[in-house]
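Next come the chains, spelled out residue by residue.
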Amino acid sequence: MAARGTDGMSADGAREDAARTDGVGEDGSRDDLARAENAGTDDAAADDALAEDAAEDTAEDAAEDTAGDGERSDEARPDRTRRPGLLTLLRRLGGRTAAAAGRGKALPVTLAVATVAVTALSGWLCVQVYEQRAEARQQQDILAAARQSALNFTSLDYRHYDRDSKNVLKGATGEFKEQFASQTAELTKLVAANKSVSEGQVLEAGIARSDERSARVLVVADSKVTNTAAPEGQSRTYRLQLDLVLERGRWLTSAVEFVG
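Bear in mind the structure is a predicted one, so any value in this text is a computation, not a measurement.

Trainee: Explain the pattern of salt bridges here, please?
Mentor: Pairing between side chains becomes possible if they bear opposite charge and their charged atoms approach one another. All chains considered together, the criterion is met by 4 salt bridges. When the shortest N-O distance is used, the salt bridge between Arg-163 and Asp-164 registers 3.5 Å. Residue classification places Asp-164 among the buried residues on the basis of a relative accessible area of 9%.

Trainee: What should I look at first to understand the sheet that holds strand S1 (residues 156–157) in this one?
Mentor: By definition, the strands of a sheet pair up through backbone hydrogen bonds, in either a parallel or an antiparallel sense. The strand order across the open sheet built from 5 strands is S1-S2-S3-S4-S5, with neighbouring strands paired in antiparallel fashion. Taken across any chain shown, the strands that pair with only one partner, and hence form the sheet edges, are S1 and strand S5 (250–258). Summarising the sheet, S1 and strand S2 (residues 197–210) pair through 2 bridges and their orientation is antiparallel. Looking across to S2, one finds that Asp-157 is bridged to Val-197. Across the sheet, helix H4 (residues 174–194) is in contact with S1 and S5; its angle to S5 comes to roughly 65°.

Trainee: It is not clear to me how the packing of helix H3 (residues 161–170) against H4 should be interpreted in this structure. Could you clarify?
Mentor: Closest axis-to-axis distance for the H3/H4 pair is 10 Å, and the angle between their directions is 170°. In terms of orientation, H3 and H4 fall into the roughly antiparallel class. The crossing of H3 and H4 is right-handed. Together, Tyr-161, Ser-165, Val-168 and Leu-169 of H3 and Phe-176, Lys-177, Phe-180, Ala-181, Thr-184, Leu-187, Thr-188 and Val-191 of H4 make up the contact between the two elements. The class makeup of the residues in the contact of H3 with H4 is 8 nonpolar, 3 polar and 1 charged.

Trainee: Explain the nonpolar core here, please?
Mentor: As a rule of thumb, nonpolar side chains are buried together in soluble globular proteins. Of all hydrophobic cores here, the largest spans 15 residues; its most connected members are Ala-146, Ala-150, Val-217, Val-219, Leu-242, Leu-244 and Trp-251. Looking at this core, the elements with two or more residues in it are helix H2 (86–154), strand S3 (214–226) and strand S4 (234–247). In contact with Leu-244, not counting residues within four places along its chain, are Ile-142, Ala-145, Ala-146, Arg-213, Ser-214, Ala-215, Val-217, Trp-251, Leu-252, Thr-253 and Ser-254. If you look at the next biggest cluster of nonpolar residues, it comprises 7 residues, including Leu-156, Val-168, Phe-176 and Phe-180.

Trainee: Would you mind going over H4 with me for this structure?
Mentor: Over its 21 residues, H4 runs 29 Å from end to end, which matches the ideal 30 Å to within 8%, given 1.5 Å per residue. For H4, the principal kink sits at Thr-184 and spans about 50°. Those residues of H4 that sit buried are Phe-176, Phe-180, Thr-184 and Val-191.

Trainee: I tried to follow the packing of aromatic side chains on my own but got confused; where do I start?
Mentor: The way to describe two aromatic rings as a pair is by their centre distance and the angle between their planes. By the definition in use, this model includes 4 aromatic pairs. Taken together, a centroid distance of 6.1 Å and an interplanar angle of 45° make the contact between Phe-153 and Phe-258 tilted. Taken together, the residues span a long stretch of sequence, with Phe-153 in helix H2 and Phe-258 in strand S5 at a distance of 105 residues. By relative accessible area, Phe-153 is classed as partly exposed at 23%. For Phe-258, a relative accessible area of 48% translates into the label partly exposed. With a centroid separation of 5.9 Å and an interplanar angle of 55°, the aromatic rings of Tyr-238 and Phe-258 are classed as tilted. One end of the pair, Tyr-238, is in strand S4; the other, Phe-258, is in strand S5, and 20 residues separate them in sequence. Following the ring pairs from residue to residue traces out a cluster consisting of Phe-153, Phe-176, Phe-180, Tyr-238 and Phe-258.

Reading the values: the criteria
- Residues numbered from 1 in each chain as written.
- Predicted model: local features only at pLDDT ≥ 70, side-chain atom pairs only at ≥ 80, totals over all residues.
- Heavy atoms only, no water.
- Salt bridge = Lys/Arg side-chain N within 4 Å of Asp/Glu carboxyl O.
- Buried < 20%, exposed > 50% of the residue type's maximum accessible area, 1.4 Å probe, protein only.
- Pairing = 2+ DSSP bridges.
- Helix = DSSP H or I, 4+ residues; strand = E, 2+ residues; numbered from the N terminus.
- Contact = heavy atoms within 4.5 Å.
- Axes fitted to C-alpha atoms, helices over the stretch in contact; angles between N-to-C directions.
- Parallel < 35°, antiparallel > 145°, perpendicular 65-115°, else oblique.
- Left-handed = near helix turned anticlockwise from the far one by under 90°.
- Nonpolar A, V, L, I, M, F, W, Y, C, P; charged D, E, K, R; others polar.
- Core = buried A, V, L, I, M, F, W, Y, C linked by side-chain atoms within 4.5 Å.
- Expected span 1.5 Å × (residues − 1).
- Bend = angle between axes of the 7 residues up to and from the residue.
- Phe/Tyr/Trp six-rings, centres within 6.5 Å; stacked < 30°, edge-to-face > 60°.

Below is the structure:
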């Protein structure tokens with residue numbers, strides 16, 4: 001009895017152990033399967049998260065590349081609203097400073113050249129103006145001397161012929177002075193005998209040629225002559241050619257010729 005009981009108890013215990021073992025095994029298998037499924041789910045979620053992170057990183061990289069390309073494009077395109085960098089400012093400042101220094105060095109040279117040119121031009125203009133004025137003044141002196149000489153030569157009065165003849169000789173030189181002086185005595189007698197009076201008037205005068213020391217002037221003079229033969233007077237017109245020379249600052253008549 002005892003043996004059966006022991007065997008029975010052993011059998012029953014074995015069955016219970018087997019049952020517990022089976023139960024444990026089945027429950028353990030179920031737990032392991034659940035954990036495996038949970039682990040697979042977690043791994044898939046992790047993989048999805050990594051994929052999403054990689055996609056975000058790729059998008060961010062693309063955005064940065066796009067922004068970089070945009071910045072490079074902005075640098076290539078002139079954008080007045082964009083502020084240049086410090087290096088660009090320094091380069092521009094350096095370039096402008098060098099250019100300003102170059103201009104600063106060139107400016108005095110340019111001013112000096114311009115000053116010399118203006119001074120030379122002013123000097124040349126002054127010389128030209130002086131020469132023109134001197135030439136105009138010389139022509140005026142020549143014409144004035146010729147007019148006065150022709151007027152003295154055509155204006156004679158027997159009542160004061162000595163004074164009139166001296167006026168002619170004052171404006172004469174050379175051959176003309178010698179001829180008139182040599183004939184003064186004879187002319188004095190002739191004028192006094194005929195009671196001749198001649199009142200001259202210069203109508204026109206012009207310079208035919210001139211240089212620094214000599215000139216030729218054509219003069220048209222008119223005179224009214226009265227004498228014993230023509231007490232009412234007669235009008236006479238003279239066309240004279242006068243040669244003048246410059247002596248001691250005065251223009252004197254060296255020759256007189258009737259040309260018409």
